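Tertiary structure, described
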Amino acid sequence: MKPHVICLMATSVDGRTLPSRWRPKAAVANIFERVHEELAGDAWLIGRVTGQEFAKGKPYPASTTETLVREHWFARRDAKAYGVVLDTHGKIAWGRSDIGGDPIVAVLSEAVSDAHLAGLRSEGVSYIFAGNSQLDLTLALDILNRELGVKRLLVEGGGGTNGAFLRAGLVDEVNLILCPAVDGAKGAPSVFDSSETEADQRAPLTAMALERSEVLEGGAVLLRYRMQNATPQTATVQSSQPTCTTPSSNKA
């Protein structure tokens, strides 16, 4: 079964998600964290580029004498919430097993090396496999639900990750924190992005209904939309871009 997927992002009024570029400066981190907690997800999910920002470890050894079967491996199954990170090719050496107390779950392809899996195990980082060489997002959601009981998942960037979920028809709800700031420059990441090869792919989105609007502190506005999708499509994850503040920013 698919969890209820909520995309939560903070953005400038021109739809950009890198607060360091905004003018005037906006205090978004505390607002984001509060909305994140109110949404009460069983897990939150980010892409590899965002996940790399919270890694503290040195690279894992390049080889190992172990031969590890490509089976899901869990250090913990009893957490209140999990921090899920898409890392298709196993590039993140964590140096930690949790982010702000939420155990890390790496979503990998089966092409990841035995040495990387051994490194994850040595640090107590759980992992699941969701594809041979690319990630199948629908499969990843099914595994998270079936193995860890995830029923509400907060997808929180980057834009490439959000865009992949959107194009796959997997986003059920969007919570957008609109901040009183402008980026105004070319090249900044946005809430939903794509690679050049994905630019012509359209999301199977048929309707959006505004369910809530709320004025927050500092002039920010929360917009909550319910999404209606046609039949979900298959999507793979490609490289992400830098993103806005995630809940883990305050938990690092």
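Residues numbered from 1 in each chain as written. Predicted model: local features only at pLDDT ≥ 70, side-chain atom pairs only at ≥ 80, totals over all residues. Heavy atoms only, no water.

Summarising burial for strand β8 (residues 173–178): five of the six residues are buried, a large majority. Inspection of the sheet shows strand β1 (residues 4–11) paired to β8 by six bridges, in the parallel sense. Counterpart to Ile6 in the pairing with β8 is Glu173. (Buried < 20%, exposed > 50% of the residue type's maximum accessible area, 1.4 Å probe, protein only. Helix = DSSP H or I, 4+ residues; strand = E, 2+ residues; numbered from the N terminus. Pairing = 2+ DSSP bridges.)

Next up on the list: helix α4 (residues 137–148). With 12 residues, α4 ought to run about 16 Å at 1.5 Å a step, and its terminal C-alpha atoms sit 16 Å apart, in line with that. Inspection of α4 places Leu137, Ala140, Leu141, Ile143, Leu144, Asn145 and Leu148 among the buried residues, and these make up the whole buried set. In this structure, the buried side of α4 is in contact with β1, β3 (82–86), β5 (102–108), β6 (126–129), β7 (152–155) and α5 (159–167). Its side-chain oxygen placed 3.0 Å from the backbone nitrogen of Thr138, Asp136 serves as the N-cap of α4. Gly149 sits one or two positions beyond α4 and adopts a positive phi of about 70 degrees. (Expected span 1.5 Å × (residues − 1). Contact = heavy atoms within 4.5 Å. Polar contact = N/O pair within 3.5 Å; in protein donor to acceptor, adjacent residues only side chain to side chain.)

Our focus in this paragraph is the pattern of salt bridges. For the structure shown, the criterion picks out 13 salt bridges. For Arg21, the salt bridge is made with Asp183, and the minimal N-O distance between the two is 2.9 Å. Taken as a pair, Arg21 in the loop between β1 and α1 (29–39) and Asp183 in the loop between β8 and β9 (205–215) lie far apart in primary sequence, 162 residues in all. Given a relative accessible area of 29%, Arg21 falls into the partly exposed group. (Salt bridge = Lys/Arg side-chain N within 4 Å of Asp/Glu carboxyl O.)

Looking now at the environment of Glu217. Inspection of the secondary structure assignment puts Glu217 in the loop between β9 and β10 (221–229). Once the C-alpha coordinates of Glu217 and Asp172 are considered, the two residues, 45 residues apart in sequence, prove to be 26 Å apart. With residues near it in sequence (within four places) discarded, Glu217 still touches Ile31 and Arg34. At a separation of 3.0 Å, a polar atom in the side chain of Glu217 contacts the side chain of Arg34.

With an omega dihedral of -10 degrees, the bond running from Arg23 to Pro24 counts as a cis peptide bond. Its location among the elements puts Pro24 in the loop between β1 and α1. Omega for the bond connecting Gly157 with Gly158 falls within 30 degrees of zero, at 5 degrees, which places this linkage in the cis form. With respect to the element layout, Gly158 can be found in the loop between β7 and α5.

In this sheet, β10 lies alongside β9 in antiparallel orientation, the contact comprising nine bridges. Residue pairing across strands places Val215 opposite Val221, the latter belonging to β10. Between β9 and β10, which pair antiparallel one after the other, the connecting turn spans five residues, and Gly218 there sits at a positive phi close to 75 degrees.

With that settled, the discussion passes to the packing of aromatic side chains. Applying the stated criterion across every chain, the model contains two aromatic pairs. Aromatic pair Trp73 and Tyr127: ring centres 5.9 Å apart, planes at 25 degrees, arrangement stacked. Note that Trp73 is positioned in the loop between α2 (48–52) and β3 and Tyr127 in strand β6, a separation of 54 residues in sequence. Seen in terms of ring centroids, Tyr127 and Phe129 are 5.5 Å apart; in terms of plane orientation they differ by 70 degrees. Their pairing is edge-to-face. (Phe/Tyr/Trp six-rings, centres within 6.5 Å; stacked < 30°, edge-to-face > 60°.)

Right, let's talk about α1 for a bit. Buried residues of α1: Ile31, Phe32, Glu33, Val35, His36 and Leu39, and no others. On its buried side, α1 packs onto β1, β2 (43–46), β7, β8 and β10. In the stretch just after α1, Ala40 is the one whose phi turns positive, near 50 degrees.

Below, the discussion takes up the nonpolar core. In terms of nonpolar packing, the biggest core is built from 36 residues, with Trp94, Leu108, Leu117, Leu120, Tyr127 and Ile177 touching the most fellow members. Sorting the residues of this core by element identifies β1, α1, β2, β5, α3 (114–122) and β6 as the ones contributing at least two each. Looking at which element gives the most residues to this core, the answer is α1, with four residues. Core analysis: the second largest hydrophobic core is formed by 34 residues, Val84, Ala130, Leu135 and Ala168 among them. (Core = buried A, V, L, I, M, F, W, Y, C linked by side-chain atoms within 4.5 Å.)

With that out of the way, let us pick up the environment of Leu148. Mapped onto the elements, Leu148 comes out in helix α4. Owing to a relative accessible area of 11%, Leu148 belongs among the buried residues under this scheme. Sequence-wise, Leu148 and Arg76 are 72 residues apart; in three dimensions their C-alpha atoms are separated by 9.1 Å. Here Leu148 is in contact with Phe74, Arg76, Arg77, Tyr82, Val105 and Ile143, once residues within four sequence places are set aside.

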